[in-house]
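Observations on the three-dimensional arrangement
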Amino acid sequence: MSRGTLRRALATLIAEGALVQVRGKGTFVTSTVVEPAIAQKLTSLSEDFADHGSPLVTEVLECRLLTPPAPVAALLDSPAGLPILHLARLRSTAEGPVALLENYVRTDLAPGLEETDFTEATLFGALATRHGLHIASGRRTFSATLADVEQAALLDVSPSSPLQHLEQVTYLANGSPIEYSDVWIRSDRLRVTSLLTRH
């Protein structure tokens, strides 16, 4: 096959939506189901979708300081009586909602974080660029759950539909916990896959 024929075939597939080109990264097969690297490494959904060529749109549902629930305060080792940032966001692709995120972040370590425009900035990015913080490690737990009425409405599924639930605590290089999050994921649009090696 000549290069000209190949270029025309690629252009046709891109126009039909079967392929997507990402500048500086390459050409990818489009899919309504994305397999992110969140089960292998400490990346964010935004980073994984961008690498896959599927940019996310973020809707900020809430961004305010509040007194954290006692279990969250304990997980974050948050000083007593100190408010923390509660950040709730809905992430969507062209196909529709993909994930509902609820983050609790220590603002004693990142003062003024609540002023960030999280429709454009990512949480990890804001912590790094605005506050000079480096997230070094994290603990993620995956489970299955059923959508409650509010989650179902936001994720555009029926109540009691199955969702993936990701629970996460992230830590700075000095071991201090900086963020706790709950993420509810539509399994029909995002599939978590682990790549394993046997020694």
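Residues numbered from 1 in each chain as written. Predicted model: local features only at pLDDT ≥ 70, side-chain atom pairs only at ≥ 80, totals over all residues. Heavy atoms only, no water.

**Looking at the sheet that holds strand β5 (residues 96–105)**
Taken in spatial order, the six strands make up an open sheet running β3-β4-β5-β8-β7-β6, and their pairing is antiparallel. The sheet is open, and its two edges are formed by β3 (57–66) and β6 (135–146), each paired on a single side. Each strand axis lies, on average, 15 degrees off the axis of its neighbour in the sheet, ignoring direction. Bridge count between β6 and strand β7 (residues 162–172): 11 bridges; the pairing is antiparallel. (Pairing = 2+ DSSP bridges. Helix = DSSP H or I, 4+ residues; strand = E, 2+ residues; numbered from the N terminus. Axes fitted to C-alpha atoms, helices over the stretch in contact; angles between N-to-C directions.)

**Here's the deal with the side chain of R189**
Note that R189 resides in the segment after β8 (177–185). Despite its burial, R189 pairs with no opposite charge; the closest candidate is D188, at 4.6 Å N-O. Among the polar contacts listed, one links the side chain of R189 to the backbone oxygen of P97, at a separation of 2.9 Å. (Buried < 20%, exposed > 50% of the residue type's maximum accessible area, 1.4 Å probe, protein only. Lys, Arg positive; Asp, Glu negative; His and termini not counted. Salt bridge = Lys/Arg side-chain N within 4 Å of Asp/Glu carboxyl O. Polar contact = N/O pair within 3.5 Å; in protein donor to acceptor, adjacent residues only side chain to side chain.)

**Re the nonpolar core**
With 14 residues, the main nonpolar core has V105, L113, F118, L123, L127 and I178 as its most contacted residues. Of the residues forming this core, the biggest block, four residues, is contributed by helix α4 (residues 123–129). F118 has contacts with T58, V60, C63, L85, L87, R89, L113, L123 and A126, leaving out every residue within four places of it along the chain. (Core = buried A, V, L, I, M, F, W, Y, C linked by side-chain atoms within 4.5 Å. Contact = heavy atoms within 4.5 Å.)

**Concerning the confidence of the model for the chain**
A residue-level look at the chain finds 72% of positions with pLDDT of 70 or above and a mean pLDDT of 82. Mean pLDDT in the chain bottoms out at helix α2 (residues 45–52), which sits at 54, and peaks at helix α5 (residues 149–155), which reaches 97. Scored below 50 in pLDDT, residues 29–42 makes 52 contacts in the model with residues more than four places away or belonging to other chains. (pLDDT = per-residue confidence, 0-100.)

**What about unusual backbone geometry?**
For residues besides glycine, phi is generally negative; the peptide bonds are generally trans as well. Phi at D156 takes a positive value of approximately 60 degrees, unusual for a residue other than glycine. With respect to the helices, strands and loops of the structure, D156 is situated in the loop between α5 and β7. A positive phi angle is found at S160, which is not glycine, with a value near 75 degrees. With respect to the element layout, S160 can be found in the loop between α5 and β7.

**What to know about the pattern of salt bridges**
Counted by the stated rule, this structure contains three salt bridges. With a shortest N-O distance of 2.8 Å, D108 and R106 are connected by a salt bridge. Judged by relative accessible area, D108 falls into the partly exposed class, the value being 33%. Among the ionic pairs, R186 bridges to D188, the shortest N-O distance being 2.5 Å. Among the residues examined, D188 registers a relative accessible area of 44% and is labelled partly exposed.

**Observations concerning the pairing of β5**
The two faces of the sheet receive side chains in turn, since in a regular strand these alternate between them. Counted residue by residue, β5 has nine buried out of 10 residues, so it is predominantly covered. Sheet analysis places strand β4 (residues 84–93) next to β5, joined by nine bridges and oriented antiparallel. Considered in β5, the bridge of R89 is made with L101. Connecting the antiparallel pair β4 and β5 is a turn made up of two residues.

**Focus on the environment of N174**
Tracing the sequence through the fold places N174 in the loop between β7 and β8. Between the C-alpha atom of N174 and that of A136, which follows or precedes it by 38 residues, the distance is 8.5 Å. In terms of polar contacts, N174 uses its side chain to reach the backbone amide nitrogen of S176, at 2.9 Å.

**A look at the packing of aromatic side chains**
By the definition in use, this model includes one aromatic pair. With a centroid separation of 6.4 Å and 35 degrees between ring planes, the pair formed by Y104 and Y180 is classed as tilted. You can see Y104 sitting in strand β5 and its partner Y180 sitting in strand β8, a full 76 residues away along the chain. For the pair Y104 and Y180, a shared accessibility class is recorded, and that class is buried. (Phe/Tyr/Trp six-rings, centres within 6.5 Å; stacked < 30°, edge-to-face > 60°.)

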